[in-house]
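For reference, the chains in residue letters:
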Amino acid sequence: MATADQARRAAELKALVTDHNYRYHVLADPVVSDAEYDALIRELIALEASYPELATPDSPTLQVGSGISDIFAPVQHVERLMSLDNVDSLASLEAWRDRLVRALGREPDGYMCEMKIDGLAVSITYRSGVLVQGATRGDGTTGEDITANVRTIHTIPHQLRNVAPEVLEVRGEIYMPVSAFAELNRRQMEAGEKPYVNPRNTAAGSVRQKDPNKTAQRNLSIWIYQLGHNVGAPGFASHSESLEYLADLGLPINPDSRRVDGIDAVEDYVRDALKRRHDRDYEIDGVVVKADQLADQQAAGYTAKAPRWAIAYKLPPEEKTTVLTDIQINVGRTGAVTPYAVLEPVFVGGVTVTSATLHNEGELQRKDLRIGDTVIVRRAGDVIPEVVAPVIEKRPKGAAVWHMPKRCPFCGNEIVLADGEAKARCSGGFECPSRLREYLFHFASRGAMDIEGLGYKTVDALLSHGFISDPGDIFALEPARLLDLEGWGEISVNNLLRAIESAKDRPLARLLTALGIRMIGGTVARTLAANFLNIDAILDATPEQLEAIDGIGPEISRSLAEWYTDDANRLLVEKLKAVGVRVADPEPESKGDALTGLTFVITGTLDDFSRDSAKAAVEDLGGKVVGSVSGKTSALVAGESAGSKLAKAESLGLRVLNEQEFKQLLADGPDAVGLN
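Remember, it's a predicted structure, so these values are computed and weren't measured experimentally.

Caption draft 1: Just the overall build of the protein, in detail. Assigned secondary structure in the protein consists of 25 helices and 22 strands. Principal axes of the C-alpha set define a box for the protein whose edges measure 80 × 70 × 50 Å. In the protein, buried positions account for 48% of the 676 residues. Sequence-distant contacts, at least 24 apart, represent 67% of the contacts inside the protein between residues at least 6 apart. Total accessible area on the protein is roughly 32100 Å²; 50% of this is exposed by carbon and sulfur atoms.

Caption draft 2: Spatial organisation of the sheet that holds strand β9 (residues 258-260). An order of β2-β11-β10-β3-β9 is seen for the five strands of this open sheet, with the pairing classed as mixed. In this open sheet, the two strands that pair with only one neighbour each are β2 (86-87) and β9. Sheet topology note: the strand β10 (residues 284-291)/strand β11 (residues 310-314) ladder contains five bridges and is antiparallel. Among the inter-strand pairings, Lys290 is bridged to a residue of β11, identified as Ala310. Lying over the sheet, helix α3 (residues 90-104) contacts β2, β3 (111-117), β10 and β11, oriented at roughly 175 degrees with respect to β11. The strands touched by helix α8 (residues 239-248) are β3, β9 and β10; relative to β3, the strand with the most contacts, the crossing angle is about 55 degrees.

Caption draft 3: Just the pairing of strand β7 (residues 167-175), in detail. Counting buried positions over the nine residues of β7 gives nine, a clear majority of the element. Burial along β7 is two-sided: Val167, Glu169, Arg171, Glu173 and Tyr175 facing one way and Leu168, Val170, Gly172 and Ile174 facing the other are all buried. Relative to β7, strand β4 (residues 120-127) runs antiparallel, the two sharing eight bridges. The residue bridging Val122 from the neighbouring strand is Gly172, located in β7. Pairing geometry for β7 and strand β8 (residues 221-231), over eight bridges, is antiparallel. Along β8, the bridge assignment pairs Gly172 with Ile224.

Caption draft 4: Fine view of the packing of aromatic side chains. Evaluated as defined, the whole model comprises 11 aromatic pairs. Arranged with centres 6.2 Å apart and planes meeting at 55 degrees, the rings of Trp96 and Tyr111 form a pair that is tilted. Of the two residues, Trp96 is situated in helix α3 and Tyr111 in strand β3; the sequence distance between them amounts to 15 residues. The exposure classification of Trp96 matches that of Tyr111, with both residues buried. Ring centres of Trp563 and Tyr564 lie 6.4 Å apart, and the angle between their planes is 10 degrees; this geometry places the pair in the stacked category. Across the pair, exposure class does not vary: Trp563 and Tyr564 are buried alike. When the ring centre of Phe430 is taken as reference, the NZ or CZ atom of Arg435 above it lies at 4.4 Å. Across the ring face of Tyr564, the terminal group of Arg570 is positioned such that the distance to the ring centre comes to 4.0 Å.

Caption draft 5: Quick look at the packing of helix α21 (residues 554-565) against helix α22 (residues 567-578). In contact at an axis separation of 5 Å, α21 and α22 are set at 85 degrees when each is read in the N-to-C sense. Taken together, the axes of α21 and α22 are roughly perpendicular relative to one another. Here Trp563, Tyr564 and Thr565 of α21 lie close against α22, whose contacting residues are Asp567, Asn569, Arg570 and Val573. Classifying every residue of the contact of α21 with α22 by side-chain character gives three nonpolar, two polar and two charged.

Caption draft 6: Examining the layout of surface pockets more closely. Reported here for the second largest pocket is a volume of approximately 1400 Å³. What lines the second largest pocket is a set of 45 residues, among which Asp281, Ser644, Lys645, Ala647 and Lys648 lie closest to the centre. When residues of the lining of the second largest pocket are traced back to their parent elements, those giving at least two are α5 (178-190), β8, α9 (263-275) and α24 (644-651). Per-element accounting of the lining of the second largest pocket gives the leading share, seven residues, to α24.

Caption draft 7: Fine view of the pattern of salt bridges. Under the definition given, this model contains 39 salt bridges. Note that Asp5 is salt-bridged to Arg8, the shortest N-O span being 2.1 Å. Taken together, the residues Asp5 and Arg8, both in helix α1 (residues 4-26) and three residues apart, mark about one turn of the helix. Of the two residues, Asp5 and Arg8, both sit in the exposed class. Between Glu438 and Arg437 there is a salt bridge, and its shortest N-O distance comes to 3.7 Å. Residue Glu438 is classed as buried on the basis of its relative accessible area of 15%. Accessibility expressed as a relative area gives 26% for Arg437, which makes it partly exposed. One salt-bridge network, in which partners are shared between bridges, spans Asp109, Arg259, Asp261 and Asp292.

Caption draft 8: Representation of the nonpolar core. By size, the foremost hydrophobic cluster in this structure holds 53 residues, and its most contacted members are Ile451, Phe475, Leu515 and Leu528. Secondary-structure elements contributing two or more residues to this core are α12 (433-444), α13 (456-464), α16 (490-503), α17 (508-514), α18 (522-532), α19 (535-540), α21 and α22. With 33 residues, the next largest nonpolar core counts Phe181, Ala203, Ala204 and Leu249 among its residues.

Cut-off values and rules
- Residues numbered from 1 in each chain as written.
- Predicted model: local features only at pLDDT ≥ 70, side-chain atom pairs only at ≥ 80, totals over all residues.
- Heavy atoms only, no water.
- Helix = DSSP H or I, 4+ residues; strand = E, 2+ residues; numbered from the N terminus.
- Buried < 20%, exposed > 50% of the residue type's maximum accessible area, 1.4 Å probe, protein only.
- Contact = heavy atoms within 4.5 Å.
- Areas by Shrake-Rupley, 256 points an atom, 1.4 Å probe, with all protein chains shown as cover.
- Pairing = 2+ DSSP bridges.
- Axes fitted to C-alpha atoms, helices over the stretch in contact; angles between N-to-C directions.
- Phe/Tyr/Trp six-rings, centres within 6.5 Å; stacked < 30°, edge-to-face > 60°.
- Lys NZ or Arg CZ within 6 Å of the ring centre and 35° of its normal.
- Parallel < 35°, antiparallel > 145°, perpendicular 65-115°, else oblique.
- Nonpolar A, V, L, I, M, F, W, Y, C, P; charged D, E, K, R; others polar.
- 1 Å grid on protein atoms, 1.4 Å probe; cavity = no way out; pocket = protein on both sides within 12 Å on 5 of 7 lines; lining within 4 Å.
- Points joined across faces, edges and corners; volume = space filled by probe spheres on them.
- Salt bridge = Lys/Arg side-chain N within 4 Å of Asp/Glu carboxyl O.
- Core = buried A, V, L, I, M, F, W, Y, C linked by side-chain atoms within 4.5 Å.

Take a look at the structure:
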């Protein structure tokens, strides 16, 4: 029998999980991370397993979803929409397979592996091929009628292709593409409004808009993953066959869904999903594994809330909560002052996070972040950790709104915010040690002058000994002085000096990037270098000359002029010339215009090209490279792990080139690969 404390804890967990279910599924406004929710539900499941008398019929461990809102009319599902049990390790996945084998008395005849889309589960019904109803999952038995909003989602057909059955209900996951979410938040911030937290919650909130026109503006999409109730559909032996049938009717089936044989192949699929987690234009939070044969599914049966023949493998969470203990600032290479969060250490996205950028004061205040807040922290793949939002319910009393300090803590000069700019800046120039340090590190970085060995540690040592005060000093370093540095010997000194000497002959575009001129990144630098060939011609060019170049606008020409009117920058250019740094490129050899008028998209990983070098190769022949696939795209160049852009190109019937065909295109022109 459970003790009184265990019974109280079970009741507390049931109340917490029920509340979190409602906030997540109905309000689309969770106040805990997925990891925290999973910990609560696991604790409750363990208590109920140990003390069955605690597993009451109203326990959330026996329920699907969390009910419905009162905004939309209720819809009774003809067949119950169940949830899935989940595992979070390969060992637990194998244990599920072992249970399935025991239930069947043999290994299942194949598995279906599918991406677990981080979106909103829905049911869509067609009658004689015509869309008649869309509904949320709700509690699995009753959902919400969202038909009008579903009709606004362009990937959901209103009329099915081919001969459709009398009644066809399908289940799917509505999601907001990552690119659409980024664009939506860009518009939010431009309007001075608070950005949305994540694509999943935004998609769920968008589907539940009272006005379908608002839903239509959110660029939602869907993947269909299951055949539900139907009248008149053909009989199928397997789940994979049913998905092929739904695809033939014109319904969007995720191209990454795959039938495999054996648990080893399932585990390979899971590992690949984790590896490529951020390669697609939609977010996933796991992999769904199902017994493929419908006879195996029927034989395995169901628990009270989930099928025994399916399992969700949950990928490691990328959002967790922690406490924001302080807000401090950093001064970057252009003088921009960036606030950052000091966090109680939290393990998220595979690393322990102790700090995260807050971008600027405006965004910080839009998110309403305050010292002492419990905050949601996100780290997706190699992306810099981000503080997504505060948990207002946990805010300590008296937490004050943060404001940018009046003076720079590194040099004491005033911090100013120019009209029309989001970033405040330190007015101390390179008197500010923080700005100088960041500038020197940027100058030597791989995307700029690429001076191997000149990282933060070496820059700090050179600055602290007074050996350098600007980039020009790097090229005048003397071996004898470097040997005085602690821990430095002849080998390390010679390696650094060789790297510095090699850097003198970098292309002009690299030097322009290294100079750290605002708005002059790698792409603009290459454009300027290609059009003017030497630094004097660029810096002396008139606004009219600059703005006549495609990709160069008034803001860039104004930034160049402001930079070069600073006497310190003029002196730096002359100093770099004096120490032998290359400031001009040779006249280019003409490569022709074979690709003029053609537009390409490059996606995936190519063996012999970086993304930049592939783009440059197309542009050298007069072609154009853009970031998104459309009907105007001439061809898609697809490398390994091409993802959603490949799927879209194929759906539009566009020409797709592999790397060998791309090389042939560059060598022999468009006719060689059938592009006329």
